[in-house]
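For reference, the chains in residue letters:
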Amino acid sequence: MERLRQDDPSHIGPYAILARLDADSAERTVPERRYLGRTPDGRRTVLVCVPRVGADPSRWAIEAEGARRLSVPRFLGIAEVGGTAGFPWYAAPYTPALPLPAVLAAYGGPLPEDTVRRLGAALAEGLTAAHAQGVTHAGLSPASVLVTAGGPLLACFGAVRAAAPDGVRRTGLPGLDPGCLAVEQAVGGRPEPLGDVFALGAVLAYASTGHTVPEQSELPPGLRRLVGSCLSSDPAVRPQSARDVLRALVSPGAAPAAAQEAYPAAGTVLDHAAPPLPGRVVAALAAQSAALLAAELPSAQQPFTSAQKVH
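Being a predicted model, the structure only gives us computed values, none of them experimental. (Residues numbered from 1 in each chain as written. Predicted model: local features only at pLDDT ≥ 70, side-chain atom pairs only at ≥ 80, totals over all residues. Heavy atoms only, no water.)

Asker: Can you break down the overall build of the protein chain residue by residue, with the values?
Answerer: Helix and strand counts for the protein chain come out as 10 helices and nine strands. Looking at the protein chain as a whole, 54% of its 311 residues qualify as buried. (Helix = DSSP H or I, 4+ residues; strand = E, 2+ residues; numbered from the N terminus. Buried < 20%, exposed > 50% of the residue type's maximum accessible area, 1.4 Å probe, protein only.)

The following block contains the structure:
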């Protein structure tokens, strides 16, 4: 949670804007501008998002509307879409959440392997459900993973599709971490489930090392084979589904016996409890919630400027 800048809006739709979700240092790899807002009566707080400066608002709005219509576990639930053709926005109910880069900043570095496995299993579970519905996320990256006390949520749906239409080379697109873009998508191919698998491998690499393109030696030994295969430039070498990644993450010795027994019925280690988070991350979530509760609504003319960093 970051204080607003002079170029940030004080209001978006019916919401007064209190703070930015993302740090300036992360802005380069976030495909949309994300804010924390509140209704004028103070009763509802939301995460409200708008396109990046320079983005095509019409393509972004199409993906926002597509996300609103989805009902997929672990995908951020969009409550409403609004705005104009030139300035669309969407809003989701607020729950204390940190983008994955902020989680690593709060923790002080890469996360423990067990935490990475549990977070990764939750993301793989969501992608498995989406792919079963014929839906590709096409925007998975560290910035799109919002970590809450109840587990991670996937945001930034369709960022690859919004950034460029099929057939247009996507390397170096603003707001997209190039390390999360599969080769076949970077050259303009249609986003497919195996592209999501590649991006999931990049997110696991980031959570384990602090960057999306690691050397094998940097990865925890227990994740080297899985992450390496996910990040293969050849789609045929990758795990052939998000369910295969889920199975590898929830493997004997890495999950409680009860979770292993539940897996054949499509259960995971996260079905009955939220993944435990390091104490420093829990403290950062609590600090964000406290700062937001204490925030005062800005006037219609003056952007809010007193929100402080909490991680």
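Asker: An account of the sheet that holds strand β6 (residues 88-93) is requested, with residue identities and associated values reported.
Answerer: One open sheet holds the six strands; their spatial order is β1-β2-β3-β4-β6-β5, and the pairing between them is antiparallel. Edge strands, defined here as strands with exactly one partner in the open sheet, are β1 (11-12) and β5 (80-83). One ladder, built from four bridges, connects β5 with β6; its direction is antiparallel. Looking at the pairing, Val 81 lines up with Tyr 90 of β6. (Pairing = 2+ DSSP bridges.)

Asker: Please give an account of the packing of aromatic side chains that cites residues and values.
Answerer: Inspection of every chain in the model, using the stated rule, returns three aromatic pairs. Taking 5.4 Å as the distance between ring centres and 15° as the angle between the ring planes, the aromatic pair formed by Trp 60 and Tyr 90 counts as stacked. Within this pair, whereas Trp 60 is found in helix α1 (residues 57-69), its partner Tyr 90 is found in strand β6, the two being separated by 30 residues in sequence. When the ring centre of Tyr 107 is taken as origin, the NZ or CZ atom of Arg 280, which lies over that ring, is 4.6 Å away. (Phe/Tyr/Trp six-rings, centres within 6.5 Å; stacked < 30°, edge-to-face > 60°. Lys NZ or Arg CZ within 6 Å of the ring centre and 35° of its normal.)

Asker: Tell me about the nonpolar core, and name the residues and values.
Answerer: Leu 100, Leu 111, Leu 140 and Val 145 are the most contacted members of the largest nonpolar core, which has 68 residues in total. Per-element accounting of this core gives the leading share, 10 residues, to helix α6 (residues 193-209). The next biggest cluster of nonpolar side chains, apart from the first, holds 10 residues, and it includes Tyr 35, Val 46, Val 50 and Trp 89. (Core = buried A, V, L, I, M, F, W, Y, C linked by side-chain atoms within 4.5 Å.)

Asker: Break down the pairing of strand β3 (residues 32-38) for me, with residues and values.
Answerer: Burial within β3 is extensive, with seven of its seven residues counted as buried. Going residue by residue along β3, you find Glu 32, Arg 34, Leu 36 and Arg 38 tucked away on one face and Arg 33, Tyr 35 and Gly 37 tucked away on the opposite face as well. As paired elements, strand β2 (residues 15-20) and β3 share four bridges and run antiparallel to each other. Residue pairing in the sheet places Ile 17 in a bridge with Gly 37 of β3. Alignment of β3 against strand β4 (residues 45-51), held across seven bridges, turns out to be antiparallel.

Asker: Quick rundown of the packing of α6 against helix α7 (residues 221-230)? Include the residues and the values.
Answerer: Between α6 and α7, whose axes approach to 7 Å, the crossing angle comes to 140°. Classified by the angle their axes make, α6 and α7 are oblique. Taken as a pair, α6 and α7 cross one another with a handedness that is left-handed. Where α6 approaches α7, its residues Val 197, Phe 198, Gly 201, Leu 204, Ala 205 and Ser 208 are matched on the opposing element by Leu 223, Leu 226, Val 227 and Cys 230. (Axes fitted to C-alpha atoms, helices over the stretch in contact; angles between N-to-C directions. Parallel < 35°, antiparallel > 145°, perpendicular 65-115°, else oblique. Left-handed = near helix turned anticlockwise from the far one by under 90°. Contact = heavy atoms within 4.5 Å.)

Asker: Go over α7, please, and point to the residues and values.
Answerer: Those residues of α7 lying buried are Leu 223, Leu 226, Val 227, Ser 229 and Cys 230. For α7, the arc enclosing every buried residue in end-on projection is 165°, short of the 170-degree limit, so these residues lie on one face. Away from its buried face, by an angle of more than 90 degrees, α7 presents the exposed residues Pro 221 and Arg 225. Buried residues in α7 make contact with α3 (113-132), α6 and α8 (242-249). (Arc of directions from axis to C-beta.)

Asker: Could you give me a rundown of the confidence of the model for the protein chain, with the residues and numbers involved?
Answerer: One rule of thumb: low pLDDT means the predicted coordinates there are not for detailed reading. Mean pLDDT over the protein chain works out to 88, with 87% of the residues at or above the 70 mark. Scored below 50 in pLDDT, residues 252-273 shows 30 contacts in the model against residues more than four places distant or in partner chains. (pLDDT = per-residue confidence, 0-100.)

Asker: I'd like to hear about the pattern of salt bridges, residue by residue, with values.
Answerer: Scanning the entire structure with this criterion turns up 15 salt bridges. Across the pair Asp 24 and Arg 5 runs a salt bridge whose closest N-O atoms are separated by 3.2 Å. Placement of the pair is Asp 24 in the loop between β2 and β3 and Arg 5 in the segment before β1, with a sequence separation of 19 residues. Taking the relative accessible area as the measure of exposure, Arg 5 reaches 24% and is therefore partly exposed. (Salt bridge = Lys/Arg side-chain N within 4 Å of Asp/Glu carboxyl O.)

Asker: Go over the sheet that holds strand β7 (residues 98-99), please, and point to the residues and values.
Answerer: Reading across from one edge, β7-β8-β9 is the order of the three strands in this open sheet, with antiparallel pairing throughout. Two strands in the sheet have a free side with no partner beyond their single neighbour: β7 and β9 (151-154). Across two bridges, β7 lies against strand β8 (residues 145-148) in antiparallel orientation. Counted as the bridge partner of Pro 99 is Leu 146 from β8.

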